[in-house]
Number of protein chains: 2
Amino acid sequence: MTDLSPILAKADEALPQCLERLFDLVRIPSISTDPAYKADCRKAGEWLVKELADLGFDASLRDTPGHPMVVAHHAAEREDAPHALFYGHYDVQPVDPLNLWEDDPFAPAIKTKEGHEVITGRGTSDDKGQLLTFVEACRAYKAVKGSLPVKITILFEGEEESGSPSLKPFLEANAAELKADFALVCDTSMWDRETPAIAAALRGLVGEEVTITAADRDLHSGLFGGAAANPVHILTKILADLHDETGKVTLPGFYDGVEETPANIKASWESLGRTAESFLGEVGLSIPSGEQGRSVLELTWARPTAEVNGIIGGYTGEGFKTVIAAKASAKISFRLVGTQDPAKVRESFRAFVRSRIPADCSVDFHEHGGSPAIQLSYDSPVLTKAKNALSDEWPKPAVIIGMGGSIPIVGDFQKMLGMDSLLVGFGLTDDRIHSPNEKYDLNSYHKGIRSWIRILDALANS
Amino acid sequence: MTDLSPILAKADEALPQCLERLFDLVRIPSISTDPAYKADCRKAGEWLVKELADLGFDASLRDTPGHPMVVAHHAAEREDAPHALFYGHYDVQPVDPLNLWEDDPFAPAIKTKEGHEVITGRGTSDDKGQLLTFVEACRAYKAVKGSLPVKITILFEGEEESGSPSLKPFLEANAAELKADFALVCDTSMWDRETPAIAAALRGLVGEEVTITAADRDLHSGLFGGAAANPVHILTKILADLHDETGKVTLPGFYDGVEETPANIKASWESLGRTAESFLGEVGLSIPSGEQGRSVLELTWARPTAEVNGIIGGYTGEGFKTVIAAKASAKISFRLVGTQDPAKVRESFRAFVRSRIPADCSVDFHEHGGSPAIQLSYDSPVLTKAKNALSDEWPKPAVIIGMGGSIPIVGDFQKMLGMDSLLVGFGLTDDRIHSPNEKYDLNSYHKGIRSWIRILDALANS
């Protein structure tokens, strides 16, 4: 084991300069969704290339049809060291409504808010502060040791907030250059202020839109009601049939590939003390609504769902119209876990619907994307090393968590580059990413840098 | 029995003048919904007052907060003759989109369309042509006999197409003047070109809007899906539960007051030859969807329904949003028959919904009107006399039919003036009322006049 204390001390001592660099990057309004900020996006990429080059990386800006990518390489001290691809994004969300900001989103500062020192500004948490924790960790490590413990490739994109249109083609075209032993992704949150977290399970997603057509026009319910098929009735019956009385999804084969979460992981989740009351209470609810007999963390991290995200049919304006609609439609998503196959889930759903459509009615389906779940091994060496390193830095041991949503980049790395991702981040749930008054705790930044120093070192040692 | 042949001959001979008068009335653009035509509405009322006064009626225009009413009285030849209130409306629907009209809507003419001589123009069928069949019948009767066989009160309103806001207060304020033994309403259709019809059953209506609220905001389905209540799921389950496998409505007590249609009436409906294929085929359907084992005429005329007229919840725009909505809502109507009680149906529905709402969710209801069904005796003397009179005039015997929708005036006459209505009309289903190219068959007008001559006479005789 390396003696990390001089490197950690260096990081502590250099914190003011680390902050200055974060401020510099935040001052560049790199809003990727708004064409007016195209030059600023490029400027943020160029700023990163320069910083990485100054640090000794072989760094370059790579053009894409959209905003450019930053790619940088650095060798390791030892030839046989592992190779990590670090991913982050330099683009940020728009800032409107601007009048709701207490501070200028692009003039970062240190403020005390709710008893904590925080760095204010758009992108401080998502993702400029987070990605710089890694860069500054490399800087401190190199300043003390003259080298890095693992071989590092860096990939920063500038289109994450606008759906990453250039990412897949770029990964495909540069697979050989970008492929590493594993990826490090710093775009997630801590469990709480004292407890770092590594996300090891991300649910997949299947999106479907279904439209049922009955009569060839809207009908008067007085003239036709009781005899003519009502597509809203057909649709609501189908949607109601999607769940049984215990909250399980009824699609044939839906649970193929769904495994029970290991007992020790479930026990660690239970120890987090997240009750139905505390989790649902924040949004005005109290009773878990999904599969019976499972905790809210298991329901949202490790169980698949069928969820109606939108439904419309007939007259929905003010007042009343006695109409029997010609059409009714719904948008439905399935969250997937384990090895559930998106294509099979989609087909099972479509067959389920088709079998319930009367012979004189018709149904159309529209696909809205599909991706499998990401399930990393709960006891891989990379994950175990990172967990121990984080536990050394923070007041409480790191927890291995799931995430109810999807992070597409993780699936892309797995599918296109054949590597798993380690998801570590130092954001907090109150960082207000995507909202006015985004902030990043000074502690997240400082201890984030220190965390990466520890993780990099741990990854280099077997 | 009176010898009607000279009166009928008079009507035949006077047809050109009858048409001139209808043309005069149609030329007045009495669109009640558009304030720009306020003076024209009054003009139409004044025109009718003058015609009725010329005919010997004690006729007057009565102001209301909206468009004026026409009220007219005429004594009968015999003191003990029955007293009928004849109702019609002189206002018409708007004409837009004007470019879809083949002829000027306010320049009536006789044209041949699809092999039939028709009178073109807005209001020719709904309801100026229809109401004049009655006035012209009185004219012919009086021209030959010097008197009328029944005592007649006439009520023409000018707000039927805009919801009749002044009607109820007017009936209330003038109940003693308007009360008769029965009402004659000429605002309905023939069964087909050869078969006159009398509507004896009109379904009632209860309108309800239900809104279910779960969380206090829209939720991300990745973060909360599987644990948080989805109001669309709750709503679709409730709506699906409203019908059982046989198409019956499951609300407790819903069928209280619903009686089986008499066998002879059902047999007469079956003889009309209206099959599921012919009825539903017109709108692209073929399979009756309501209660099993009943004909489409029975389903739409004599059976109650629960129908979802609109539903909305979550994201319904282009693309996809993985949202769990905070709210979902639906508009539901119940068509009522027999003596079903609108208030009880509403309460049963609300109790049914409330019992299915999870404890941490809430529900709001909004009332959209309610009226009971109108069920006239299938063998009352008035109905039997009118049926025989119509059968004498037309190629095929008159049929007693039901109507799936409601005609509010009939309920008002029953409730406020304590009298039943005889619904006879000579419109055809292809008259395109409320649409561009409205027309009234010349045959409807001519034989409509002759029909009323026969009915008036029949009503006077016991």
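Definitions and limits used
- Residues numbered from 1 in each chain as written.
- Chains lettered and ligands numbered in written order.
- Predicted model: local features only at pLDDT ≥ 70, side-chain atom pairs only at ≥ 80, totals over all residues.
- Heavy atoms only, no water.
- Pairing = 2+ DSSP bridges.
- Helix = DSSP H or I, 4+ residues; strand = E, 2+ residues; numbered from the N terminus.
- Axes fitted to C-alpha atoms, helices over the stretch in contact; angles between N-to-C directions.
- Contact = heavy atoms within 4.5 Å.
- Salt bridge = Lys/Arg side-chain N within 4 Å of Asp/Glu carboxyl O.
- Buried < 20%, exposed > 50% of the residue type's maximum accessible area, 1.4 Å probe, protein only.
- Parallel < 35°, antiparallel > 145°, perpendicular 65-115°, else oblique.
- Left-handed = near helix turned anticlockwise from the far one by under 90°.
- Least-squares fit on C-alpha atoms with pLDDT ≥ 70 in both.

Going by an unreviewed UniProt entry, chain A carries the name Dipeptidase and comes from Peteryoungia ipomoeae.

Asker: How should the sheet that holds strand 5 (residues 116-120) of chain B be read in this particular structure?
Answerer: Backbone-to-backbone hydrogen bonds pair the strands of a sheet. The strands run either parallel or antiparallel. Residue and element names in this part refer to chain B. Reading across the sheet, the 3 strands line up as 4-5-18 and stay open at both edges, with antiparallel pairing between neighbours. Two strands lie at the open edges of the sheet, namely strand 4 (109-113) and strand 18 (439-441), each paired on one side alone. In this sheet, adjacent strand axes meet at a mean angle of 40 degrees when their direction is disregarded. Bridging between strand 5 and strand 18 involves 3 bridges; their strand directions are antiparallel. When the sheet's bridge partners are listed, Ile119 is paired in strand 18 with Tyr440. Each of strand 4, strand 5 and strand 18 touches helix 15 (residues 442-460); the most contacted strand, strand 18, lies at about 55 degrees to it.

Asker: Sorry if this is basic, but what is going on with the pattern of salt bridges here?
Answerer: Oppositely charged side chains may form a pair once their charged atoms are brought near each other. Considering all chains together, one arrives at 78 salt bridges over all chains under this definition. The partner of A:Lys50 in a salt bridge is A:Asp54, and the shortest N-O contact between them spans 3.0 Å. Separated by 4 residues within a single helix, A:Lys50 and A:Asp54 lie in helix 3 (residues 38-54), roughly one turn from each other. Per residue, the accessibility class of A:Lys50 equals that of A:Asp54, and both read exposed. Between B:Arg21 and B:Glu136 there is a salt bridge whose closest N-O contact spans 2.7 Å. Of the two residues, B:Arg21 is situated in helix 2 (residues 15-26) and B:Glu136 in helix 4 (residues 128-145); the sequence distance between them amounts to 115 residues. By relative accessible area, B:Arg21 is classed as buried at 16%. Its relative accessible area of 2% is what places B:Glu136 among the buried residues.

Asker: Would you mind showing me how to read the packing of helix 3 (residues 38-54) of chain B against helix 4 of chain B here?
Answerer: The angle between the axes and the distance between the axes are what describe a pair of packed helices. All names here are of chain B. Running from N to C, helix 3 and helix 4 point in directions that differ by 20 degrees, and their axes come no closer than 11 Å. Judged by the angle between their axes, helix 3 and helix 4 are roughly parallel. Crossing geometry of helix 3 relative to helix 4 is assigned as left-handed. The residues of helix 4 that touch helix 3, namely those facing Trp47, Leu48, Glu51 and Leu52, are Leu131, Leu132, Val135 and Arg139.

Asker: Explain the relation of the copies chain B and chain A here, please?
Answerer: With an RMSD of 0.1 Å, the operation that places chain B on chain A is a rotation of 180 degrees combined with a shift of 0.0 Å along the axis. In short, the pair behaves as if placed about a two-fold rotation axis. Taken together, the interface assignments show that 100% of the residues at the interface of chain B recur at the interface of chain A, consistent with an identical surface on both copies.

Asker: Please clarify how the pairing of strand 8 (residues 197-202) of chain B should be interpreted in this entry.
Answerer: Here is the key point about a regular strand: its side chains alternate between the two faces of the sheet. Residue and element names in this part refer to chain B. Burial analysis of strand 8 places 6 of its 6 residues in the buried class, which makes it a mostly covered element. Across 5 bridges, strand 8 lies against strand 16 (residues 399-403) in parallel orientation. Counterpart to Ile198 in the pairing with strand 16 is Ile400.

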